[in-house]
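The primary structure of each chain is shown beneath.
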Amino acid sequence: MNTQPAVPTVTRRPGTVSMLIAAAAIASIGWIVLRAHAQIAVRNQGYVPYSDAPINYRSEDLSDPVAKLQHLLDRGKATLQYEPEYGYLKSVLGLLKVPVDSQTLVFSKTSFQYKKISPDHPRALYFNDDVYIGKVHEGKAIEVVSFDPMQGAIFYLLDERKVDHPTFQRAELDCTQCHIAAGTRGVPGVLLRSIYPTTTGTQAPSSKSFITDQESPLKDRWGGWYVTGDAGSQPHMGNAVVEDQQSTADAQQDEVKRLISLSRPFDASAYLTSDSDIVAHLVLAHQTQMHNLITLTNYKTRLALYAAANRNKSAGLPADTPLSESDRQQFERPAEQLLHYLLFINEAPLSVSNAQSIDKTSAFAKEFALRGIRDRKGRSLRDFDLRTRTFRYPCSYLIYSDSFDSLPEPAKGYVYHRLLEILTGEDKSADFVSLSDEDRHAILEILLATKAGLPEEWREYAKSNHMHIHLAQTHSRQSRQG
């Protein structure tokens, strides 16, 4: 059930999907709150995509961070602490190892608790590599998206009322109506929206909205959000609203100029920090769609293998009959999309018109970089550039995630093989021309030194080229939650 205003128009870049189910986003989790018997999430009612084999999305066999935490809570091995001012928020962030400094603030009315969201009282979002937490000022529930290695985004609510045994309740039907959509690439996922907000936080009539990812021009980002920190010389849509009675129906190139700065700030005392960090915004722009592409490749592979197995069984063919070209294309196409995004191909450039970079000394930027696994030269995929692009080494840190490691074969082998071709320069196609030889070599060295579970062909390449390789299982995951 979607309780939000309809979204008039959604814009994506050429070559990407241009439709979006109304009001879907990290800042748009369509949950319904029911008072009876303390139930706050509707479950097992209505159609939820991917409920059947081979995905079995409604399965209770989950290993996402919130499922693991709930298991500890049920056994009395962990406890959620309640505070009158912030409810369970601090305790949730602490137990899930989500840094407070990741806070970003959104004031557009894109949540089922939209009545309590405004420029005066924005919604706070916190995240780490696997979990997204939403907190509305004086809200009824903490909203959670937790990524399971096999199932993608799993949605939970935590009732904000003080009780003896607080419980994360899984929410399915209400969330998936918005969170399995074109904007999430058709799988359970997350996304960011940028809108032209009015002074109350609603979307301006007849105005566009944008899905934000790493390819989005900064001028189209962060409408309806607060942004703290210097963006260089490039304008963006944050910290501003559309003037009352102003229409953006015919606006094209001058859309941003139709926004005016907010006349007064929000009450920062109601939040864990006063920041809505620009570097956190940049990381979110990358991470959300990276998560979706990993899930998409996972799902497409499982679906292709399942269909092929059923077809072979019906035809009396052996179970190990090779996949057809059409079967392989079902997962190789999303795998190629994943590779492009993993390597930041087509990333929108940051400002190059001044000598300074976006501030990388923010608390979030420092904490984020410190969590990186480093090679002998001190390099990490979590190192920032923030001058011409987001990261110093253009390869996603989510390559270390359980979700990436859980990609089923043969898709995972395909991704690793193609990645080695690209990084060694064997693939010199125009698709990857934006990757310099220096970047390719640096990324290759970093991965060889820090990424466990690399295929044998990577080991052989390292050996034949006298490159350092270290695959200790203790380095199979980043200490990404600090």
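So, how was this worked out
- Residues numbered from 1 in each chain as written.
- Predicted model: local features only at pLDDT ≥ 70, side-chain atom pairs only at ≥ 80, totals over all residues.
- Heavy atoms only, no water.
- Helix = DSSP H or I, 4+ residues; strand = E, 2+ residues; numbered from the N terminus.
- Buried < 20%, exposed > 50% of the residue type's maximum accessible area, 1.4 Å probe, protein only.
- Contact = heavy atoms within 4.5 Å.
- Areas by Shrake-Rupley, 256 points an atom, 1.4 Å probe, with all protein chains shown as cover.
- Core = buried A, V, L, I, M, F, W, Y, C linked by side-chain atoms within 4.5 Å.
- Phe/Tyr/Trp six-rings, centres within 6.5 Å; stacked < 30°, edge-to-face > 60°.
- Salt bridge = Lys/Arg side-chain N within 4 Å of Asp/Glu carboxyl O.
- Polar contact = N/O pair within 3.5 Å; in protein donor to acceptor, adjacent residues only side chain to side chain.
- Pairing = 2+ DSSP bridges.
- Expected span 1.5 Å × (residues − 1).

## Some points on the overall build of the chain
Stage number 1. Scanning the chain from N- to C-terminus turns up ten helices and twelve strands.
Stage number 2. Per-residue burial for the chain yields a buried fraction of 57% across its 482 residues.
Stage number 3. When contacts within the chain are restricted to residue pairs at least 6 apart in sequence, those whose partners lie at least 24 apart make up 67%.
Stage number 4. Within the structure as shown, the chain displays about 20,100 Å² of accessible surface, and the carbon and sulfur contribution to it stands at 51%.

## Some points on the nonpolar core
Stage number 1. Core analysis: the biggest nonpolar cluster contains 105 residues, and Ile-133, Phe-168, Leu-343, Leu-447 and Trp-458 have the highest contact counts within it.
Stage number 2. It is helix α4 (residues 278-315) that provides the largest number of residues to this core, a total of eleven residues.
Stage number 3. If we ignore the near neighbours within four places in the chain, the residues touching Phe-168 are Val-66, Leu-69, Gln-70, Leu-73, Leu-80, Val-92, Val-144, Tyr-156, Leu-157 and Leu-158.
Stage number 4. Membership of the second largest hydrophobic core comes to seven residues, among which are Ala-204, Phe-210, Ala-240 and Leu-259.

## Re the packing of aromatic side chains
Stage number 1. Taken as a whole and assessed by the stated rule, the structure comprises 18 aromatic pairs.
Stage number 2. Relative to Phe-210, the ring of Tyr-196 lies with its centre 6.5 Å away and its plane at 55°, an arrangement referred to as tilted. Highlighted residues: Tyr-196 in the loop between β8 (192-195) and β9 (208-212) and Phe-210 in strand β9, separated in sequence by 14 residues.
Stage number 3. The class of Tyr-196 is buried, set by a relative accessible area of 0%.
Stage number 4. What makes Phe-210 buried here is its relative accessible area of 7%.

## Observations concerning the pattern of salt bridges
Stage number 1. All chains considered together, the criterion is met by 21 salt bridges.
Stage number 2. A salt bridge links Arg-311 to Asp-327; the nearest nitrogen and oxygen atoms lie 2.5 Å apart. With Arg-311 in helix α4 and Asp-327 in helix α5 (residues 325-342), this residue pair connects regions lying 16 residues apart in the sequence.
Stage number 3. A relative accessible area of 42% means that Arg-311 is categorised as partly exposed.
Stage number 4. For the salt bridge of Glu-421 with Arg-418, the shortest nitrogen-to-oxygen distance reads 2.9 Å. Of the two residues, Glu-421 and Arg-418 are both situated in helix α8 (residues 411-423); the distance of three residues between them amounts to about one turn of the helix. Across the pair, Arg-418 and Glu-421 agree in class, each one buried.
Stage number 5. Connected through salt bridges with shared partners, the residues Asp-129, Glu-367, Arg-371 and Arg-382 form a single ionic network.

## Some thoughts on unusual backbone geometry
Stage number 1. Of note, the bond from Ala-53 into Pro-54 is cis; its omega dihedral lies within 30 degrees of zero at 5°.
Stage number 2. Here Pro-54 shows up in the loop between β1 (9-11) and α1 (65-74).
Stage number 3. Following Glu-409, the chain continues to Pro-410 via a peptide bond in cis, the omega torsion being 5°.
Stage number 4. With respect to the element layout, Pro-410 can be found in the loop between α7 (402-405) and α8.
Stage number 5. Phi is positive for Asn-56, close to 55°, though the residue is something other than glycine.
Stage number 6. Examined against the element boundaries, Asn-56 turns out to sit in the loop between β1 and α1.
Stage number 7. For Asn-56, a relative accessible area of 34% translates into the label partly exposed.
Stage number 8. Of note in the backbone geometry, Arg-185 takes a positive phi value of approximately 65° without being a glycine.
Stage number 9. Among the secondary structure elements, Arg-185 is positioned in the loop between α3 (173-179) and β8.

## A word on the side chain of Ser-102
Stage number 1. Here Ser-102 lies in the loop between α2 (89-95) and β2 (104-106).
Stage number 2. You can call Ser-102 buried: its relative accessible area is 0%.
Stage number 3. At 2.6 Å, the side chain of Ser-102 and the backbone oxygen of Pro-99 are in polar contact.
Stage number 4. With sequence-adjacent residues up to four places away left out, Ser-102 is seen in contact with Leu-125, Tyr-126, Phe-127, Ala-280 and Phe-364.

## Observations concerning the sheet that holds strand β6 (residues 152-159)
Stage number 1. Spatially, the seven strands line up as an open sheet ordered β7-β6-β5-β4-β3-β2-β10, and their pairing is antiparallel. Strand pairing shows two members of the sheet lacking a second neighbour, β7 (168-170) and β10 (225-226), which therefore form its edges.
Stage number 2. The sheet contact formed by β2 and strand β3 (residues 123-127) spans three bridges and is antiparallel. Along β3, the bridge assignment pairs Leu-105 with Ala-124.

## Overview of α8
Stage number 1. Compared with an ideal rise of 1.5 Å per residue, which puts 13 residues at 18 Å, α8 spans 18 Å between its outermost C-alpha atoms and is within 8% of the ideal.
Stage number 2. Burial analysis of α8 places eleven of its 13 residues in the buried class, the great majority of the element.
Stage number 3. Taken residue by residue, α8 has Ala-411, Lys-412, Tyr-414, Val-415, Tyr-416, Arg-418, Leu-419, Leu-420, Glu-421, Ile-422 and Leu-423 as its buried positions.
Stage number 4. On the buried face of α8, the contacting elements are α4, α5, α7, α9 (437-450) and α10 (456-464).

## Focus on the environment of Tyr-82
Stage number 1. Within the secondary structure, Tyr-82 sits in the loop between α1 and α2.
Stage number 2. Overall, the relative accessible area of 31% leaves Tyr-82 in the partly exposed class.
Stage number 3. Separated by 78 residues in the primary sequence, Tyr-82 and Glu-160 place their C-alpha atoms 8.9 Å from one another.
Stage number 4. Beyond its immediate stretch of four places on either side in the chain, Tyr-82 contacts Gly-87, Tyr-88, Glu-160, Arg-161 and Lys-162.

## Examining the pairing of β6
Stage number 1. Of all eight residues in β6, eight are buried, a share of seventy percent or more.
Stage number 2. Hairpin remark: strand β5 (residues 141-148) followed by β6, antiparallel, with three residues in the connecting loop.
Stage number 3. Across three bridges, β6 lies against β7 in antiparallel orientation. Within β7, the position partnered with Tyr-156 by the bridge is Arg-170.

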